[in-house]
Amino acid sequence: MNKKTALKNRSERRGNLVSIEAYDNTSHGYRKEANQRPETRFGAYLTIAMLVFLLILFVGLYELAVETWTRLK
């Protein structure tokens, strides 16, 4: 390290990629997160609806096949 140049703080350095703001968003990383209920996505509801539909469809087809078999027998 060069002894002639003193270390500069972040605001004195040139070429900062991140601007320095009075209320920097990085300070929120140290706060405790609020307990929020996890949001269920639409895909979960759609999956459940499709499974119920397929279950009803297969039960209906099974009943139709059994009823047709008993009539033909």
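That block above? That's the structure.
Below is a summary of the structure that appears in this document. (Residues numbered from 1 in each chain as written. Predicted model: local features only at pLDDT ≥ 70, side-chain atom pairs only at ≥ 80, totals over all residues. Heavy atoms only, no water.)

Check the secondary structure of the chain and you find 1 helix and 0 strands. Within the chain, the fraction of its 73 residues that count as buried is 0%. Per element, the accessible surface of the chain, about 8300 Å² overall, is 60% carbon and sulfur. (Helix = DSSP H or I, 4+ residues; strand = E, 2+ residues; numbered from the N terminus. Buried < 20%, exposed > 50% of the residue type's maximum accessible area, 1.4 Å probe, protein only. Areas by Shrake-Rupley, 256 points an atom, 1.4 Å probe, with all protein chains shown as cover.)

This paragraph deals with a nonpolar patch on the surface. A contiguous nonpolar patch, built from F53, L54, L57, F58, L61 and L64 and spanning about 600 Å² of accessible area, is present on the exposed surface. Position of F53 relative to the elements: it lies in helix α1 (residues 42-72). (Patch = residues over 30% accessible without salt bridge, like charges linked within 9 Å, V, L, I, M, F, W, Y side chains within 5 Å. Salt bridge = Lys/Arg side-chain N within 4 Å of Asp/Glu carboxyl O.)

A full pass over the atoms with the stated rule returns 1 salt bridge. With its nearest N and O atoms 3.4 Å apart, the salt bridge here joins E67 to R71. One end of the pair is E67 and the other is R71, both in helix α1 and 4 residues apart, which spans about a single turn. What makes E67 partly exposed here is its relative accessible area of 40%.

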